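# Observations on the three-dimensional arrangement
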Amino acid sequence: MAAERGAALLRPPTSSGRATFLELFFDLAFVVALTRVSQRFAGLSDDTGWALVEGFGRTLLLFLALWLIWSHTAWITSRYEPEQPIIQAVVVGTMFAGLVMAVALPRAMEERALPFAVAYLMVMVVRPLVIAAALRGHPRRLVPFRLAVWASASAPLWLAGALGPDRLRLPLWAAALTVDYVAWALGWPLPWLGASEVGRWRIAGTHLADRYQQMFLIALGESILVIGVVFSGTDYSAVRAAAFAVAFAISALIWRIYFHRAGLLLAEALERSAMPGRLGASSERTHLLIVFSVLVTSVGYELVIHNPFGSPRPGWLLFVVGGPMLFLVARMRLEYEIFGRVSPSRVAGVLALLLFTPALARWAPMVGLSVVAAVLVLVALLDSLRSRGRPLEVSASPIGREASGERDSEA
């Protein structure tokens, strides 16, 4: 009887693959968080050398912590029925914790370290225990139990970093986050219980694809917000208007390149996969890179619109060129996940940006932004020429081709 009550939480095959309104509401907290992340990155524009590396690493760590919270939630609502009151309560509670992390984020490596860490741990430790209790006697309860045990193991590192000396915060939190990510990759193995590999989980593939694409669009929307807010807050001039227009064009090109063929077929690929959990786990890492690249690119917009022809600095090149380059690399990975191949156009785009980078280091930021736009135009045109007159391809992912009978019994 207890197992039957727990089974009511599982997402049935007839459940809608679309994200619920509650999940879209949940994403609002992460809109705030992504804005705070980009602001921290923008503060690094004048840094050089080790200061730039350390500052970038600190902000990257905070972003990865946020991403782990968001992606775990996406998997929860893909495995459990999001219309169940207990799952809705879990999502709302996670949203509040995410909002606390977003508010603390600008000074999370300084005096607001403790609220950031406590909010993170409340999600990572308490949330899986709530789900395990709600599952009652169902065999799947062991999966969230594993999550809670591993999160408890890394909790002392998070708390020590928050309460200890500032100089130890980065290494302690980096170690804690490494534990959390490695545990996820290994399936949270425990003595006597073994591991529960994510790749063997049963998930709603359409729903998970929907969530990844929504987060990509949220990041892209954040970049549009940056363009509008920065331009409206500066003195108008022809060069700033040109930077504004080029920045918008880059965002539109990123949208176009993402959704061309492979981006449109992500949901189909997950539905066709014999082991959608494996493909879902791989595409989760891909979308981490894509979302991060869009955030980094938006910082480049802000720097160029503020000072289009200022003196070139290492930080500017990292954001103006590095962000779009990372996006193309991540998009190559997505294409491989969907079709098992990589288009020459994206390889050409990455090589072009690499070749231009040494020269751009000596030119004004506006020149770099314009070159990036030209390269992305070239990639989009090559994509269009290659697909002209050809029907939409069928996904043929090389990931998760194993027989469905290999799925984990706890999945």
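- If you check an unreviewed UniProt entry, the chain appears there as Low temperature requirement protein A from Micromonospora zamorensis.

## Re empty space enclosed by the protein
- Taken as a whole and judged by the stated rule, the model has three cavities of 30 Å³ or more.
- Roughly 200 Å³ of internal volume is contained in the largest cavity.
- For the largest cavity, the lining is made up of 16 residues, of which His-72, Ile-76, Ile-131, Leu-147 and Trp-201 are closest to its centre.
- Among the elements of the structure, helix 3 (49–79), helix 5 (113–135) and helix 6 (142–163) are those that each provide at least two residues to the lining of the largest cavity.
- Taken together, the residues that form the lining of the largest cavity break down as 13 nonpolar, one polar and two charged.
- In this structure, the second largest cavity occupies an estimated 60 Å³ of space.
- Taken together, Phe-30, Leu-34, Phe-63, Leu-66, Trp-67, Trp-70 and Met-215 make up the lining of the second largest cavity.
- Of all elements in the fold, only helix 2 (21–42) and helix 3 reach the threshold of two or more residues within the lining of the second largest cavity.

## Things to note about the layout of surface pockets
- Taken as a whole, the largest pocket spans an internal volume of roughly 290 Å³.
- If you go around the largest pocket, the residues you meet are Tyr-181, Trp-184, Ala-185, Glu-197, Val-198, Gly-199, Arg-278, Ala-281, Glu-284, Arg-285 and Leu-288.
- Taken together, the elements giving at least two residues each to the lining of the largest pocket come down to helix 7 (166–186) and helix 11 (276–306).
- Here the residues of the lining of the largest pocket are counted per class, giving six nonpolar, one polar and four charged.

## Quick look at the side chain of Ser-298
- Secondary-structure assignment places Ser-298 in helix 11.
- If near-sequence neighbours (up to four positions away) are discounted, Ser-298 is found in contact with Ser-38, Glu-222, Ser-223 and Val-226.

## Describing the nonpolar core
- Residues Phe-63, Tyr-120, Trp-158 and Trp-173 are the most contacted members of the largest nonpolar core, which totals 131 residues.
- Tallying contributions element by element places helix 3 first for this core, with 15 residues.
- Those residues in contact with Trp-158 that lie beyond four places of it in its chain are Leu-61, Ala-65, Ala-117, Tyr-120, Leu-121, Trp-173, Ala-176, Leu-177 and Asp-180.

## Some words on the side chain of Thr-59
- When you line up the elements, Thr-59 lands in helix 3.
- Judged by its relative accessible area of 1%, Thr-59 falls in the buried class.
- There is a polar contact of 3.3 Å between the side chain of Thr-59 and the side chain of Arg-40.
- The contacts of Thr-59, once residues within four sequence positions are left out, are Val-37, Arg-40 and Phe-41.

## Topic: the pattern of salt bridges
- With the rule as written, the count across this model stands at 12 salt bridges.
- Note that Glu-54 is salt-bridged to Arg-58, the shortest N-O span being 3.3 Å. On the criterion of helical spacing, the pair formed by Glu-54 and Arg-58 is a turn pair, its members being four residues apart in helix 3.
- For Glu-54, a relative accessible area of 28% puts it in the partly exposed group.
- On the basis of relative accessibility, which here comes to 15%, the residue Arg-58 falls in the buried class.
- Ionic pairing is found between Asp-383 and Arg-346, a salt bridge with its closest N-O pair at 2.8 Å. Of this pair, Asp-383 sits in helix 15 (residues 365–387) while Arg-346 is found in helix 14 (residues 344–360), placing the two residues 37 residues apart along the sequence.

What counts and how
Residues numbered from 1 in each chain as written. Predicted model: local features only at pLDDT ≥ 70, side-chain atom pairs only at ≥ 80, totals over all residues. Heavy atoms only, no water. 1 Å grid on protein atoms, 1.4 Å probe; cavity = no way out; pocket = protein on both sides within 12 Å on 5 of 7 lines; lining within 4 Å. Points joined across faces, edges and corners; volume = space filled by probe spheres on them. Helix = DSSP H or I, 4+ residues; strand = E, 2+ residues; numbered from the N terminus. Nonpolar A, V, L, I, M, F, W, Y, C, P; charged D, E, K, R; others polar. Contact = heavy atoms within 4.5 Å. Core = buried A, V, L, I, M, F, W, Y, C linked by side-chain atoms within 4.5 Å. Buried < 20%, exposed > 50% of the residue type's maximum accessible area, 1.4 Å probe, protein only. Polar contact = N/O pair within 3.5 Å; in protein donor to acceptor, adjacent residues only side chain to side chain. Salt bridge = Lys/Arg side-chain N within 4 Å of Asp/Glu carboxyl O.

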